[in-house]
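Summary of the model geometry
Listed below, chain by chain, are the residues.
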Amino acid sequence: MVYPSQGYGYIISFYSRADSPHHNMPSCHWDRILIAIACCVVTLTLWSLCAWQLIIKFHTEITETVVPPCFCHNGGICQDGACVCPDEWIGLLCDIANFCEASTYTYNNSEGDIKNLTFERIIVGKYGSSKEKCEPHTVNGNSSIAIRLCSRNGITPTLGQPSVQNCNENLDSLASQVETADSSAVLEIAKTTQILTAVPDQLTRQNISAAVNISVQILKKPNISDDSQASETVVATVSQLLDAKETEFNNDLVHVTSSLTKAIEEFSLMSNITQTNIAVQSVPLMLNSSAILFLAQRDETLGNFQTTKLEIQEDATGLSDELDTEVQILLNITSNGSSNNRRAGFVLYQNDKLFQSQTYISHNNFSKQVVSGNIDGGTANGVEIAFNPKYNTSKLQLHDYACVFWDYAVNDWNTVGCTKERGQFLRCKCNHTTHFAVLMAFRINYKYAKPLEYISYVGVGLSIAGLVITILFQIFTRKTRKSSVTWMLVSLCSSMLTFNIIFISGIENRNARNHSSNTSGYEQQYSTYYTTNNTLPESDMVDPPEDSWCMAVAVLLHYFLLATFMWTALNCAQLYLLLLRAMKPLPGNFIVTMSVIGWGIPAVVVAVTLGATYREGKALNYRQEEFCWLAALDQDQNFSIKKPMLWSFLLPVALILLFNIIIFIKIVVSVIWKENKDLTRLERNWISKLQWQLILLLKIETIWIKIVNILKGIRRIHSWERSPALSLSL
């Protein structure tokens, strides 16, 4: 309730009667005492309600079941009750080293000189580059001269032998040699290519294209699977390419990467190689084999959630139900004769960088696995696939998914021949073999504000009642004071009254009613999806359903709260003019001018904000989803200066507050604490001066309380306490 404003209205009334010869001092004195008592009673009532609410909230918090936090070490982050570890650490608490320490290796170069190679810390499963570089005058000047693999031998990370490159060869020169190279030269070309791609973050689009061409040429060499060292080197190179920046993989490379995935699919029938980002598995088929299952499971040995364990099961009866399975593919085999050379090949990619889609846009950075199955000497009369993707269930909620395959005819994902199946995981069934994936569409898992509690309705109801009484009193007693005083105060109370009514009736987003905030991450991730419509999504992010009601509420709240602050500034300006020009009339058309400013400027601000931010289907550029108010936070739930909360609300309010402070100081210095002949004897009395100063202080304090509570409400969006609502409505 706007006690300062009400008090201000009474003080103006008193001031208007102070110069009257028929003024009754005792009556006025008792009026002011009664007003003060009423204000104190209502204020104490509201503060008691707030204290009661805080006690109830505290009691609820300490009686709720508390989920024990996970104590992650070495920079691990607790997410959904488990530690998400950085690359250098693994284990349940991120306390197991997943790297090889910095090392030095001594070798003899081609000239017979003894040289040292120095390597920094290397993550398990990756290659590290030496600090020593090629001479600047060589073809590969300033690139690392050697690389070294860190692998895990049981529990202990182990360093392999370094591979030294030829500094006079680069990827372009190697690409021109590989087609005509004999078997003895292929291995050297493969090693040099691996060294030149050992720092994925530095690879350019041209580097990736050249490395892909070299890998394709080597994989197409006759009997390349017999050269295990060359094969492993090529697959390691492909694994390194999958660590390159995704921005370097664009549609210009789609034909090049498609040739690589085709070559790897054919190569999968002949070899078994596993690297960090790619696994190639092959198995011979028995004559009576009717189905074969390929699984990739999380290896929980020593709490290591980052290693994938591969398994192939013949004559499988169906897909596995084990929850630690990441991806699986079941091939139902139809025999073509009695050939003893039948084989099945599988390829698993840990991300989809080699499959760049033109129709599906990805905004999230979590890996999307791609799996392929192929049969030589037989056909598959049906393929079943199941994916168990891991994502941050506290931030994202799976909305839908599509079962797709890579269509080489268009070099993009396609859904023809694939259908969704009901099951525990994201299950698909297709009538052909190729590369498969699931394209997921997520919604942000918004922490919707809880419904208003009865104490909020009581507090706002009292505020509404007080505002209505103030408006009616000012209207019915308008003849006892200047018309401008009545109009200004009625306008202020009307804007605040309208804001309170809209706030209490529409602040909650109606989408919250359809949102189950009690669903745990486990239930969300392993729930059954009953939608059978297998439609290719356009993006991996889907906006929540459009709520035109919430949009209208946000616009109206924005407008009337701005208008409330604007009218407080205009009331301050009028107070200054009345005191400074006590014996002079106000300027002509004062009420019209103030009305245009008080109601017009907020309308202009709101209109400009809507025009700059709102687009069809993009209402969240203007408002929040958690409740119907201006957008303030980015996707990471951090305050964003690009959102309209800053420049269309906080900035105008800050300017209004600055104006009010200046007026306050001006009145205190120039009017109240200085001699002014236009003031009455009572107003020059020091007690009266203190009363005026307290009134002005309360007025400024009320404005500060509003803005501070709005900021607190934005910061506490996830828990959205109800006590600020009381202050916000004052």
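Residues numbered from 1 in each chain as written. Predicted model: local features only at pLDDT ≥ 70, side-chain atom pairs only at ≥ 80, totals over all residues. Heavy atoms only, no water.

Thoughts on the overall build of the protein chain
Quick note on the threshold: Every helix listed is a DSSP run of H or I at least four residues long, and every strand listed is a run of E at least two residues long, numbered separately from the N terminus. Buried means the residue's accessible area, taken with a 1.4 Å probe over protein chains only, is under 20% of the maximum for its type, while exposed means over 50%, and partly exposed covers the values in between. Working rule for contacts: check all heavy atoms of both residues, and any pair within 4.5 Å makes them a contact. Accessible surface area values rest on a Shrake-Rupley calculation with a 1.4 Å probe, where residue burial reflects the displayed protein chains alone.
Counting secondary structure elements, the protein chain contains 16 helices and 25 strands. Of all 730 residues assigned to the protein chain, the portion counted as buried reaches 50%. Sequence-distant contacts, at least 24 apart, represent 72% of the contacts inside the protein chain between residues at least 6 apart. Approximately 35,200 Å² of the protein chain is accessible, and the part contributed by carbon and sulfur atoms is 56%.

A short note on the pattern of salt bridges
Rule in force here: Definition used for salt bridges: Asp or Glu carboxyl oxygen within 4 Å of a side-chain nitrogen of Lys or Arg.
Applying the stated criterion across every chain, the model contains 5 salt bridges. Salt-bridge contacts for Glu120 lead to Lys131; the nearest nitrogen and oxygen are separated by 3.8 Å. With a gap of 11 residues between them, Glu120 in the loop between β7 (114-119) and β8 (122-123) and Lys131 in the loop between β9 (127-129) and β10 (146-153) connect regions that are remote in the sequence. Lys131 gets classed as partly exposed once you look at its relative accessible area, which sits at 47%.

A word on the state of the cysteines
For clarity, the cut-off: Counting rule for disulfides: a pair of cysteine sulfur atoms within 2.5 Å.
Counted according to the given criterion, the structure contains 7 disulfides. At a sulfur-sulfur separation of 2.0 Å, the disulfide partner of Cys134 is Cys167. Between Cys134 and Cys167 the sulfur-sulfur dihedral comes to about -75°; the bridge is accordingly left-handed. Pair noted here: Cys134 is in the loop between β9 and β10 and Cys167 is in the loop between β12 (163-164) and α3 (171-178), with a separation of 33 residues, a long-range link. Accessibility expressed as a relative area gives 13% for Cys167, which makes it buried. Bridging Cys418 to Cys430, the disulfide has an S-S length of 2.0 Å. Torsion about the S-S bond of the Cys418 and Cys430 cystine: about 115°, corresponding to right-handed handedness. Note that Cys418 is positioned in strand β23 (residues 418-421) and Cys430 in strand β24 (residues 426-430), a separation of 12 residues in sequence.

Section: the packing of helix α5 (residues 205-219) against helix α6 (residues 228-241)
Condition: Each axis is a line fitted through C-alpha atoms, taken for helices only over the stretch in contact, and angles between the N-to-C directions span 0 to 180 degrees. In this scheme, roughly parallel covers angles under 35 degrees and roughly antiparallel covers those over 145, while 65 to 115 is roughly perpendicular and the rest are oblique. For a crossing to be left-handed, the near helix must be turned anticlockwise from the far one by less than a right angle; the clockwise case is right-handed. Residue type decides the class: Asp, Glu, Lys and Arg count as charged, Ala, Val, Leu, Ile, Met, Phe, Trp, Tyr, Cys and Pro as nonpolar, and the leftover types, Gly among them, as polar.
Running from N to C, α5 and α6 cross one another at 155°; their axes reach a closest spacing of 10 Å. Between α5 and α6, the angle is such that the two are roughly antiparallel. With respect to the hand of their crossing, α5 and α6 are arranged in left-handed fashion. Along its contact with α5, which presents Ile208, Ala211, Val212, Ser215, Ile218 and Leu219, the element α6 presents Val234, Thr237, Val238 and Leu241. Taken together, the residues of the contact of α5 with α6 sort by class into 8 nonpolar, 2 polar and no charged.

Observations regarding helix α7 (residues 254-267)
The following threshold applies: A helix is expected to span 1.5 Å for every residue after the first.
Across its 14 residues, α7 extends 20 Å between first and last C-alpha, which sits within 8% of the 20 Å expected from 1.5 Å per residue. The element α7 is largely enclosed, with a buried count of 10 among its 14 residues. Along α7, the residues that are buried comprise Val254, Val256, Thr257, Ser258, Leu260, Thr261, Ala263, Ile264, Glu265 and Phe267.

As for the environment of Asn170
Filter applied, for reference: Whenever a nitrogen or oxygen atom comes within 3.5 Å of another N or O atom, the pair is scored as a polar contact, on the condition that within protein one atom can donate a hydrogen and the other can accept it, and that pairs from neighbouring residues in sequence are kept only if both atoms are in side chains.
Counting through the fold element by element, Asn170 comes out in the loop between β12 and α3. Separated by 19 residues in the primary sequence, Asn170 and Ile189 place their C-alpha atoms 9.9 Å from one another. With sequence-adjacent residues up to four places away left out, Asn170 is seen in contact with Val139, Asn140 and Leu196. Within the local environment of Asn170, its side chain forms a polar contact with the backbone nitrogen of Ser173, the two atoms lying 2.8 Å apart.

Focus: the nonpolar core
Quick note on the threshold: The set of buried Ala, Val, Leu, Ile, Met, Phe, Trp, Tyr and Cys residues whose side-chain atoms join them within 4.5 Å is what this entry labels a nonpolar core.
By size, the foremost hydrophobic cluster in this structure holds 54 residues, and its most contacted members are Leu557, Trp567, Tyr622, Trp629, Met645 and Phe649. Breaking this core down by element, the ones donating at least two residues are α8 (454-476), α9 (483-506), α11 (548-580), α12 (590-613) and α13 (644-672). Of all hydrophobic cores here, the second largest spans 50 residues; its members include Val235, Phe249, Leu260 and Tyr349.

Focus on the pairing of strand β15 (residues 291-298)
Successive side chains on a regular strand alternate, one facing one side of the sheet and the next facing the other. For β15, the tally of buried residues reaches 8 of 8 residues, placing the bulk of the element in the interior. Side chains Ala291, Leu293, Leu295 and Gln297 project from β15 onto one buried face, and the interleaved Ile292, Phe294, Ala296 and Arg298 project onto a second face that is buried too.

Quick notes on the packing of aromatic side chains
The relation between two aromatic rings is expressed through the spacing of the ring centres and the mutual angle of the planes. Quick note on the threshold: Note on aromatic pairs: the rings of Phe, Tyr and Trp (six-membered ring only in Trp) are paired at centre separations within 6.5 Å, and the planes decide the class, stacked below 30 degrees, edge-to-face beyond 60, tilted for the rest. Charge-over-ring placement is defined geometrically: NZ (Lys) or CZ (Arg) within 6 Å of the ring centre, and within 35 degrees of the ring normal.
In the structure shown here, the tally under the stated rule is 12 aromatic pairs. With a centroid separation of 5.1 Å and an interplanar angle of 85°, the aromatic rings of Trp406 and Trp413 are classed as edge-to-face. As far as the burial class goes, Trp406 and Trp413 line up, both buried. Members of the aromatic cluster, each reached through a chain of ring pairs, are Tyr349, Phe355, Trp406 and Trp413. The residue whose ring lies beneath Arg121 is Phe99, and the NZ or CZ to ring-centre distance is 3.8 Å. In this structure, Lys420 is placed above the aromatic ring of Tyr401, and the distance from its NZ or CZ to the ring centre is 4.6 Å.

Focus on the pairing of strand β14 (residues 278-284)
Defined as follows: Two strands pair under a simple rule: DSSP has to find at least two bridges between them.
Taken across its 7 residues, β14 has 6 buried, putting it largely inside the fold. Pairing between strand β13 (residues 273-274) and β14: 2 bridges, direction antiparallel. The partner of Ile273 across the bridge, within β14, is Val280. What sits between the antiparallel neighbours β13 and β14 is a turn of 3 residues. Relative to strand β18 (residues 343-349), β14 runs antiparallel, the two being bridged by 7 bridges. Pairing of Gln281 across the sheet is with Phe346, part of β18.

As for a nonpolar patch on the surface
So the rule is basically this: What goes into a patch is any residue over 30% in relative accessible area without a salt bridge, connected to like charges within 9 Å or, for nonpolar side chains (Val, Leu, Ile, Met, Phe, Trp, Tyr), within 5 Å.
Where nonpolar side chains cluster on the molecular surface, the patch consists of Val468, Leu472, Ile475 and Phe476 and spans about 360 Å² of accessible area. You can see Val468 is positioned in helix α8. The exposure class of Val468 is partly exposed, given its relative accessible area of 33%.

Looking at the side chain of Lys353
Quick reminder of the rule: We score Asp and Glu as negative and Lys and Arg as positive, and we do not count His or the chain ends.
Tracing the chain through its elements places Lys353 in the loop between β18 and β19 (370-376). Buried Lys353, no salt bridge; nearest opposite-charge side chain is Asp243, N-O distance 5.4 Å. Among the polar contacts made by the side chain of Lys353, one reaches the main-chain carbonyl oxygen of Ala244 at a distance of 2.6 Å. In contact with Lys353, other than residues within four places in its own chain, are Leu242, Asp243, Ala244, Glu246 and Phe249.

A look at the sheet that holds β18
The strand order across the open sheet built from 7 strands is β13-β14-β18-β19-β25-β21-β22, with neighbouring strands paired in antiparallel fashion. This sheet does not close on itself; its edge strands, each paired only once, are β13 and β22 (412-414). On the sheet, α7 packs against β13, β14, β18, β19, β21 (396-407) and β25 (435-444) and is oriented at approximately 140° with respect to β18.

Brief notes about the confidence of the model for the protein chain
To keep it simple, the criterion reads: pLDDT: the predictor's confidence for each residue, scored from 0 to 100.
Looking at the protein chain as a whole, the pLDDT averages 78, with 76% of positions reaching at least 70. For residues 706-730, every residue scores under 50 in pLDDT, and the model assigns this stretch 69 contacts once sequence neighbours within four places are set aside.

Thoughts on the packing of α5 against α7
Across the interface, α5 lies against α7 with an axial gap of 9 Å and an inter-helix angle of 30°. On the basis of the axis angle, α5 is roughly parallel to α7. The crossing of α5 and α7 is left-handed. Every residue of α7 that contacts α5 at Ser209, Val212, Asn213, Ser215, Val216 and Leu219 is listed here: Val256, Ser259, Leu260, Ala263, Ile264 and Phe267. A per-class count over the contact of α5 with α7 returns 8 nonpolar, 4 polar and no charged.

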